[in-house]
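Observations on chain architecture
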Amino acid sequence: MMSFVVFLVLVSVAATTAQNCVCNTMKWATCDGSPCECKITLADQVKQTLECTKLIPKCFLMKAEMYRAKKGLSTRSGGKPTDHAFVDNDGIYDPDCEASGVFKAKQCNNSDTCWCVNSAGVRRTDKGGQDLKCEKLVETVWVQAQLKHKDGVNLDQAQLKSAMAKAIAERYSVDAKLVTDVTYDKDSRTILVDLKKGTSNVDIATVGYYMEKDIKVLPLFYNDSKKFSPSVDSKNVEFENILVYYVDAEPPTFTMKRLTAGVVAVIVVVVLAIIAGLVVLFISKKRQASAMYQKPEQTTELDEMQKEQLTSS
């Protein structure tokens, strides 16, 4: 009888341990064992062990998301802060990661087309071939999240910065001092949140990625029922859109190749219009000069005719 009771206690403890064995910062992780160990699938037969006490590196997140998309599993349903800031126009791809979860400087997405990325995994050069050289991984030092809150809420600018900093610190387990500035445009309902790395070792690009997922209604946290919803003057602020800009320690090296076909077409049309205008101006000037040259000759002929008439009379 005693052994049976002990057995029940052990089963109960095991069940409780299993329930607590979850990865709070990654809902797609599979966790088991004692002590609890969590892993995420990055590719067929490739599982990455996670440290679930902090945010999962963005490179692992993107790789896992691409794998899930290929397998048909669930994934995700103001202006630039500086001239060198840029957004992620390429979207998600299957990245190559270092063992630490850092992006490799050169990415090819399993193809013959390659490009260089920053520490956020965002392309910062034109695309090239397999021989493309990416000398180093340029660090992203500043992330600006441009959020648009839902209508029907009047926010107090004075309270907004502290509320946003507190919400980001609590939600993403980072120092509130990373939030260096928060500005608000009431008319457009736009909030600009600046996160700057400074001297910290925080991966602010991963913070921005988690925030982007939160706003786009697919939180990466295990408890995905919670939302990123700062409280301003006892009012919970909800958002309907987000755009993330990245500023690197060095400017990106995009060239004219980056222009879309539509933009190139517009440039060609404008150039042709200018050339056509110059041709018309040249022809017009030439005609005016020709007319001025012919007019004195006509006057001379008329004078000669008048002289002959006077002589004959």
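Just above, that's the structure.
The sections below set out a description of the structure shown in this document. (Residues numbered from 1 in each chain as written. Predicted model: local features only at pLDDT ≥ 70, side-chain atom pairs only at ≥ 80, totals over all residues. Heavy atoms only, no water.)

**Thoughts on the pattern of salt bridges**
Just so we agree on the cut-off: Salt-bridge detection follows one rule: a side-chain nitrogen of Lys or Arg within 4 Å of a carboxyl oxygen of Asp or Glu. Helix and strand definitions follow DSSP, with helices as H or I runs of at least four residues and strands as E runs of at least two, each counted in order from the N terminus. Buried residues are those whose accessible area, probed at 1.4 Å on protein chains only, stays under 20% of the maximum for their type, while exposed residues exceed 50% and partly exposed ones sit between those limits.
Under the defined criterion, the tally for this structure stands at 13 salt bridges. The salt bridge partner of D44 is K71, with a shortest N-O separation of 3.4 Å. Highlighted residues: D44 in the loop between β2 (37–43) and β3 (46–49) and K71 in the loop between α2 (58–70) and β4 (106–107), separated in sequence by 27 residues. Overall, the relative accessible area of 48% leaves D44 in the partly exposed class. Across the pair D94 and K70 runs a salt bridge, and its minimum N-O distance is 3.5 Å. On the basis of relative accessible area, D94 is assigned to the buried category, the value being 10%. For K70, a relative accessible area of 55% gives the class exposed.

**Remarks on the environment of A158**
As for its placement among the helices and strands, A158 is situated in helix α3 (residues 157–172). Each C-alpha atom, one on A158 and one on V232, is 9.7 Å from the other, the two residues being 74 residues apart in sequence.

**Some points on the side chain of N118**
Definition in use: What qualifies as a polar contact is a pair of N or O atoms within 3.5 Å, subject to a donor-acceptor requirement within protein and to the restriction that residues adjacent in sequence count only when both atoms come from side chains.
Along the chain, the position of N118 falls in the loop between β5 (115–116) and β6 (140–149). Overall, the relative accessible area of 0% leaves N118 in the buried class. For N118, the side chain forms a polar contact with the side chain of T140, separated by 3.1 Å.

**Focus: the packing of aromatic side chains**
Rule in force here: Planes of paired rings set the category: under 30 degrees apart is stacked, over 60 is edge-to-face and the rest tilted, where pairs are Phe, Tyr or Trp rings (Trp by its six-membered ring) whose centres lie within 6.5 Å.
Using the criterion set out here, one finds five aromatic pairs in the structure. Taken together, a centroid distance of 5.5 Å and an interplanar angle of 80 degrees make the contact between Y93 and W115 edge-to-face. Note that Y93 is positioned in the loop between α2 and β4 and W115 in strand β5, a separation of 22 residues in sequence. Residue classification places Y93 among the buried residues on the basis of a relative accessible area of 5%. W115 sits in the buried class, given a relative accessible area of 6%. Site record: aromatic cluster; members linked through ring pairs are Y172, Y210, F221, F228 and F239.

**A short note on the side chain of R189**
Let me state the cut-off plainly: What makes two residues a contact is simply this: any of their non-hydrogen atoms within 4.5 Å.
Position of R189 relative to the elements: it lies in the loop between β7 (179–185) and β8 (190–196). If we skip the residues at most four places from it in the chain, R189 touches L147, K148, H149, K150, D151, Y184 and E240.

**Examining the environment of P81**
Tracing the backbone shows P81 in the loop between α2 and β4. Residue P81 is classed as partly exposed on the basis of its relative accessible area, which comes to 23%. Among residues more than four places away in sequence, those in contact with P81 are W142, Q144, Q146, Y245 and V247.

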